[in-house]
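Below are the chains, spelled out letter by letter.
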Amino acid sequence: MAHWFHRNPLKATASVSFNFYGIAGSPAANKICNDLRTTRARLLEMFTDITCNPEIMKNATNAYFSLLQGFIVSLDGTTQENKLRFIQNFKWIDTLQGNAASAQQDAIFELVSMAFNVALWYTKYASRLETHIPRLITPAEKGRDLEPRVIDAYTVQSQAEAQEVTIARAIELKHNAALIAAIAFETANFYQKADHTLNTLDPEYSSKWRKYLQLKQHFYMAYAYCYHGQTLLATDKCGEAIRSLQEAEKCYSKAEALCKEYRQTKGPGSTAKPSEQLFFLKLGGLIKNTLEKCQRENGFIYFHKVPAEAPLLELKASYGLAEPIPFEFPHLSEQCTPEVYATFDLTKGAKDDKAKPKQEEEVKPVKEPDLKPQKDTGCIVS
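What you see is a predicted model; the values in this text were computed from it and never measured. (Residues numbered from 1 in each chain as written. Predicted model: local features only at pLDDT ≥ 70, side-chain atom pairs only at ≥ 80, totals over all residues. Heavy atoms only, no water.)

**Overview of the overall build of the chain**
The condition is simple: Secondary structure is summarised from DSSP: a helix means a run of H or I of at least four residues, a strand means a run of E of at least two, and numbering begins at the N terminus for each. Relative accessibility decides the category of a residue: with a 1.4 Å probe and only protein chains considered, values under 20% of the type maximum give buried, values over 50% give exposed, and everything between is partly exposed. Calculation of accessible area relied on Shrake-Rupley with a 1.4 Å probe; when residues are assessed, cover is drawn exclusively from the protein chains displayed.
A count of helical and extended segments in the chain gives 9 helices and 2 strands. Taken from N to C terminus, the helices and strands of the chain fall in the order α-α-β-β-α-α-α-α-α-α-α. Projected onto its principal axes, the C-alpha positions of the chain cover 90 × 40 × 35 Å. Relative to its full complement of 382 residues, the chain shows a buried share of 50%. Carbon and sulfur atoms form 53% of the exposed surface of the chain, whose accessible area is close to 18,800 Å².

Structure, rendered in structure tokens:
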């Protein structure tokens, strides 16, 4: 997967102590603070643990989020903001902005930033995001991870990559060519949509990502035209089939050129090598062989005129499209009761200086494990 999918880096964050001595006025309140610190540290460790799987990640995420919601959800029976929401400062690096960190003294900023990282981890293993962002007091700046265009691009890319698995499976099981063409066309459109979502962002940090989205769009358009050509040939429309295969050849050549541009473009994230993968290379051979077959049969049997214009693809997949799974936060931790909440006294202030935000603390990039690609079968894309 590391050589087929482009991945932006995980978000890095400063450590958080949750030391509220003086404010936390009971043993139960202090235990919540201690558990917040340890469950957060545990979750951050899971992002770079090569043995972590979705079940472990889900458990680690639920453990932290169930406690963090005690700083967000109203626990005193009123509709007012939780009094603990703005007590702790959090600092996060954005995936597209280098090492420049954003800081907000807001538990919701921590919630959506950590949730973003969890979603990004799933795209590296593979999943999706959520709805608290509009509640932020400080809106996301242009190009930051929580900005709508960046969120939308990650979401659409995730859906497109999920459909890549469906396409590979359909090819492997030799499904109907019309179905494969339709799913490939829908996938290409997803990549185009993700690319267009980023077109107003600064090219300095979006160009590499956009090159990846563009090469995948042309690659799957090549697949769509190739399998659409097979469908046309099967219905004795040989001239149109030839023109469809010629367009597939054109899209494939454009995808090859974009692979080179992508490798040469500087920007955040890993550099995938799709053009070196068998799944990519096999398509070139398939297009060439199918086109030669169509031309041969047209010269001996059909004698059809080849249209000047490529066929207009208006393909809709009847099934096989990936559906995103809604993300749900865990229930509030049983530790976070109204009685314990009442023992947090903000009027006393924190006695320990460690509770104050470290303004100059450096946030170092996350060092992710270097995963070796598995054996390439030509169809399995992850």
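**Considering the packing of aromatic side chains**
Rules: Working definition: a ring pair exists when centres of Phe, Tyr or Trp rings (six-membered ring for Trp) sit within 6.5 Å. Plane angles under 30 degrees give stacked, over 60 give edge-to-face, the rest tilted. We count a charge as sitting over a ring when the NZ of a lysine or the CZ of an arginine lies within 6 Å of the ring centre and within 35 degrees of the ring normal.
Counted by the stated rule, this structure contains 22 aromatic pairs. Ring geometry for tryptophan 121 against tyrosine 122: centres 5.1 Å apart, planes inclined by 80 degrees, an arrangement best described as edge-to-face. The burial state of tryptophan 121 is the same as that of tyrosine 122; both residues are buried. Of note, lysine 11 hangs over the ring of phenylalanine 116, and the distance from its end group to the ring centre comes to 5.5 Å. Stacked on the ring of tyrosine 262, the Lys or Arg lysine 208 has its end atom at 4.5 Å from the ring centre.

**Concerning unusual backbone geometry**
Within the chain, phenylalanine 18 stands out as a residue other than glycine whose phi angle is a positive 55 degrees. Of note, phenylalanine 18 is situated in the segment before helix H1 (27-47). Note on phenylalanine 18: relative accessible area 0%, which makes it buried. One non-glycine residue with positive phi stands out, namely aspartate 236, at about 65 degrees. You can see aspartate 236 is positioned in the loop between helix H6 (203-234) and helix H7 (238-264). We classify aspartate 236 as partly exposed; its relative accessible area is 46%.

**Some points on the side chain of glutamine 159**
Rule in force here: Note on contacts: a residue pair qualifies if any of its non-hydrogen atoms lie within 4.5 Å across the two residues.
With respect to the secondary-structure elements, glutamine 159 resides in helix H4 (residues 148-172). Overall, glutamine 159 belongs to the buried group, its relative accessible area being 18%. Discounting chain neighbours no more than four positions away, the residues touching glutamine 159 are Phe190, Ala322 and Pro324.

**Regarding the pattern of salt bridges**
Applied cut-off: By convention in these notes, a salt bridge is any Lys or Arg side-chain nitrogen within 4 Å of a carboxyl oxygen on Asp or Glu.
Within the structure shown, the criterion is met by 16 salt bridges. With a closest N to O distance of 2.9 Å, lysine 11 and aspartate 145 form a salt bridge. Aspartate 145 matches lysine 11 in its accessibility class, with the two residues each being buried. The salt bridge partner of arginine 144 is aspartate 94, with a shortest N-O separation of 2.7 Å. As far as burial versus exposure is concerned, arginine 144 and aspartate 94 are alike and both buried. In this structure, a network of salt bridges that share partners links the residues Lys11, Asp94, Glu141, Arg144 and Asp145.

**Comments concerning the pairing of strand E1 (residues 90-93)**
A regular strand places its side chains on the two faces of the sheet in alternate fashion. Rules: Only strands joined by at least two bridges in the DSSP assignment are considered to pair.
Across the two faces of E1 the burial is the same, with Phe90 and Trp92 and Lys91 and Ile93 all buried. Bridging between E1 and strand E2 (residues 101-104) involves 4 bridges; their strand directions are antiparallel. Residue lysine 91 lies in a different strand from E2, and its bridge partner there is alanine 103.

**Notes on H6**
To keep it simple, the criterion reads: Any helix carries an expected span of 1.5 Å times its number of residues minus one. To get the bend at a residue, fit one axis to the 7 residues ending there and another to the 7 starting there, then take the angle between the axes. Two N or O atoms count as a polar contact when they lie within 3.5 Å, although within protein this holds only if one can serve as hydrogen donor and the other as acceptor, and sequence-adjacent residues are included solely when both atoms are side-chain atoms.
The terminal C-alpha atoms of H6, which comprises 32 residues, lie 44 Å apart, in line with the 46 Å expected from a rise of 1.5 Å per residue. The largest bend in H6 is about 25 degrees, located at tryptophan 209. Summarising burial for H6: 23 of the 32 residues are buried, a large majority. N-cap assignment for H6: the residue whose side-chain oxygen lies 2.9 Å from the backbone N of glutamate 204 is aspartate 202. Taken from the residues just after H6, aspartate 236 is the one with a positive phi, measuring 65 degrees.

**Digging into the state of the cysteines**
Formally: Criterion for a disulfide: a pair of cysteine sulfur atoms at a distance within 2.5 Å.
Evaluation of the coordinates by the stated rule reveals 0 disulfides. In this structure cysteine 336 is not part of a disulfide, and its nearest cysteine sulfur, from cysteine 33, lies 9.8 Å away.

**Description of the side chain of aspartate 94**
Considering the arrangement of structural elements, one finds aspartate 94 in the loop between E1 and E2. Filtering out sequence-adjacent residues up to four positions away, aspartate 94 remains in contact with Lys11, Ala100, Ser102, Arg144 and Asp145.

**Overview of the nonpolar core**
Spelled out, the test is: Take the buried residues of types Ala, Val, Leu, Ile, Met, Phe, Trp, Tyr and Cys, join any two whose side-chain atoms come within 4.5 Å, and each joined set is a nonpolar core.
Core analysis: the largest hydrophobic core is formed by 110 residues, its most contacted members being Met57, Tyr64, Trp209, Phe219, Tyr220 and Tyr223. Looking at which element gives the most residues to this core, the answer is H6, with 16 residues. Residue contacts for tyrosine 223: discarding those within four places in its chain leaves Ile171, Ala184, Phe279 and Leu283.

**Some thoughts on the packing of helix H5 (residues 177-197) against H6**
What describes two packed helices is the angle between their axes and the distance between those same axes. Worth spelling out the cut-off: To obtain each axis, a line is fitted to C-alpha atoms, and for helices this fit is confined to the stretch in contact; angles are then taken between N-to-C directions over 0 to 180 degrees. Each angle receives one of four descriptions, namely roughly parallel if under 35 degrees, roughly antiparallel if over 145, roughly perpendicular if within 65 to 115, and oblique otherwise. Each crossing gets its hand from how the near helix is turned against the far one by less than a right angle, where anticlockwise is left-handed and clockwise is right-handed. Throughout, the ten residues Ala, Val, Leu, Ile, Met, Phe, Trp, Tyr, Cys and Pro are labelled nonpolar, Asp, Glu, Lys and Arg are labelled charged, and all others, Gly among them, are labelled polar.
Remark: H5 packs on H6, axes separated minimally by 8 Å, with the N-to-C direction vectors making an angle of 160 degrees. Considering their axes alone, H5 and H6 lie roughly antiparallel with respect to each other. H6 is crossed by H5, and the crossing has left-handed handedness. Classifying every residue of the contact of H5 with H6 by side-chain character gives 16 nonpolar, 7 polar and 3 charged.

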